[in-house]
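Take a look at the letters that make up each chain.
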Amino acid sequence: MTFDHARDRVMAIVGAGHAGGRAAQTLREAGWKGRIAMIGAERHLPYERPPISKGLLTGEREAQQCHLRPHDAWRADDIEHIVGAVRSIDAHERTLQLADGRSFAYEALLLATGGHLRRLTIPGAQLDGVFGLRTLDDAAALAPRLGAGARVVVIGGGFIGLEVAASARARGCEVSVVEGAARLLGRCVPAEIGAHVHALHERQGVRVVLNASARAIAQRDDGRLDVTLDSGDLLDADTVVVGIGIEPADEIARGTGLQTGLRTGLETARGIVVDETLQTSAPGIYAAGDVALFPSRFGTHHIRQETWHNAETQAGVAARNMLGAGEPYRDVPWFWSDQYDRQLQVSGEPALGVRTIVRDLSGESQIHFALDGAGQLVAASGFGTLQGFAKEMRLARMLVERAVPVDAQSLANPDVKLKSLL
Ligand SMILES: Cc1cc2nc3c(=O)[nH]c(=O)nc-3n(C[C@H](O)[C@H](O)[C@H](O)COP(=O)(O)OP(=O)(O)OC[C@H]3O[C@@H](n4cnc5c(N)ncnc54)[C@H](O)[C@@H]3O)c2cc1C
């Protein structure tokens, strides 16, 4: 591609997280020779977040091992890392302003602002000892509190909460998980897999309290915390970790008048609405990662994904499209979660399934295939020990990605090799 660099406008990236960092790298690799300004509210260079609830808490990883790229690589690529919060964008003039008064004229712009932790609004939610978990700094503050014997109450039985529970157990903490719904991982995995995960945590000594929410947190004279549940029960804690999800960080987009949020039935899906090239409703402004509400590969609806794969792959497509490639984003969603010696993986959109076919693998591993009303494979959700499972899951993922027409009996029969169905 050839570019006109004379105007000295920057390629601007708002959010120096996973998607922002990967997009900056891709811009350079795709041939952009002008300035690239990667503006981020955190003081860190881009890093990967999955270890925050895993290795960084167990002590198996260090912060330096989470960097998206070695620090030298940003310098070598002449990518400017600007620490500061972007406050507003003028989509007409193609300028953006930082809270500290600096401003940039941009050629094209990527919004990769991720999400803000959803906060508890109950009394005591602001007390010392109550933690959220999104950033390296959050992990650095929480990790030292997870000593052997420490009592940890995790509020929220989703992926992050359960990974924190597993990490805290690995450190010898006494752990309780409080979940408002009737089961764990209610939002995104089949009930049977949720039940396996539940049983695993109980076997590992975690106390799981379902259908319960915290009503208040109070500090006792000895410094400990009392978490009062709506049932009136009290949980004793040294540390409370709140893992109740995120809200997409779409406030600048809203302030700029970009389309955010879409009504689906009775609900409104939040996020910055993009087309299949990941362009927002304003020409030249793109969005990628946790914040983007993008067209599903499986229908006419839009989805938002809070996953490593989504940030990684959307960043590349958005960056090339900032340079005029016009490439559609067609990836099938995929994520994993590590808990103890088990892994959970989901590929596709389980919510679209109307029929489930279970493939029982050896070693307590299972894959649940979801078919839509037309019999098309729309998701594969698996849970198991890494041995054997990872390979089977890779093939299951390929079946979903390639939309292979499948025969239910073969899918269910572990003696039929998934490879033979591809
Ligand atoms: C604890 C944890 C564990 C995870 N584990 C897994 C896992 O096991 N598997 C998996 O698939 N996914 C996992 N994920 C999800 C994955 O890490 C995220 O989906 C991914 O980081 C999203 O990347 P992003 O670039 O969209 O957002 P982020 O990485 O959150 O980056 C957004 C950045 O934008 C900045 N920003 C926001 N607003 C502004 C502004 N106005 N001006 C400047 N900067 C701004 C923020 O400070 C932030 O640094 C995990 C996430 C977390 C938090």
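First things first, this report covers the structure right here in the doc. (Residues numbered from 1 in each chain as written. Predicted model: local features only at pLDDT ≥ 70, side-chain atom pairs only at ≥ 80, totals over all residues. Heavy atoms only, no water.)

### With respect to the pairing of strand β22 (residues 334-339)
Pairing analysis gives six bridges linking β22 to strand β23 (residues 342-348), with the strands arranged antiparallel. Looking across to β23, one finds that F335 is bridged to V346. Counted along the chain from β22 to the antiparallel partner β23, the turn is two residues long, and its residue Y340 has a positive phi close to 55 degrees. (Pairing = 2+ DSSP bridges. Helix = DSSP H or I, 4+ residues; strand = E, 2+ residues; numbered from the N terminus.)

### Some words on the site of the ligand
Neighbouring the ligand are 32 residues, the closest being E42, R49, K54, R134 and D290. Contacts to the ligand include R49, whose side-chain N or O atom sits 2.7 Å from an oxygen atom. For the shell around the ligand, the secondary structure elements donating two or more residues are α1 (18-29), β2 (36-40), α5 (159-170), α8 (308-322) and β22. Considering only residue class, the shell around the ligand consists of 15 nonpolar, ten polar and seven charged. Counting the residues that make up the shell around the ligand, at least three belong to each of domain 1 (10-116 + 247-322) and domain 2 (119-244). (Near = heavy atom within 4 Å. Polar contact = N/O pair within 3.5 Å; in protein donor to acceptor, adjacent residues only side chain to side chain. Nonpolar A, V, L, I, M, F, W, Y, C, P; charged D, E, K, R; others polar. Domains from an automatic or database assignment.)

### Description of the pattern of salt bridges
Taken as a whole and assessed by the stated rule, the structure comprises 23 salt bridges. For the salt bridge of R75 with D72, the shortest nitrogen-to-oxygen distance reads 3.7 Å. Separated by three residues within a single helix, R75 and D72 lie in helix α3 (residues 71-76), roughly one turn from each other. (Salt bridge = Lys/Arg side-chain N within 4 Å of Asp/Glu carboxyl O.)

### Section: the nonpolar core
Of all hydrophobic cores here, the largest spans 54 residues; its most connected members are L96, L109, L110 and L111. Among all residues touching L109, those that are not within four sequence positions of it are A12, V14, I89, L96, G284, I285, Y286 and M322. Counting residues in hydrophobic clusters, the runner-up holds 36 residues, among them L136, A143, V346 and F383. (Core = buried A, V, L, I, M, F, W, Y, C linked by side-chain atoms within 4.5 Å. Buried < 20%, exposed > 50% of the residue type's maximum accessible area, 1.4 Å probe, protein only. Contact = heavy atoms within 4.5 Å.)

### Concerning a positive patch on the surface
Together, K391, R394, K417 and K419 give the surface a local cluster of positive charge. Within the secondary structure layout, R394 lies in helix α9 (residues 386-401). Judged by relative accessible area, R394 falls into the partly exposed class, the value being 49%. (Patch = residues over 30% accessible without salt bridge, like charges linked within 9 Å, V, L, I, M, F, W, Y side chains within 5 Å. Areas by Shrake-Rupley, 256 points an atom, 1.4 Å probe, with all protein chains shown as cover. Lys, Arg positive; Asp, Glu negative; His and termini not counted. Charge placed at Lys NZ, Arg CZ, Asp CG, Glu CD.)

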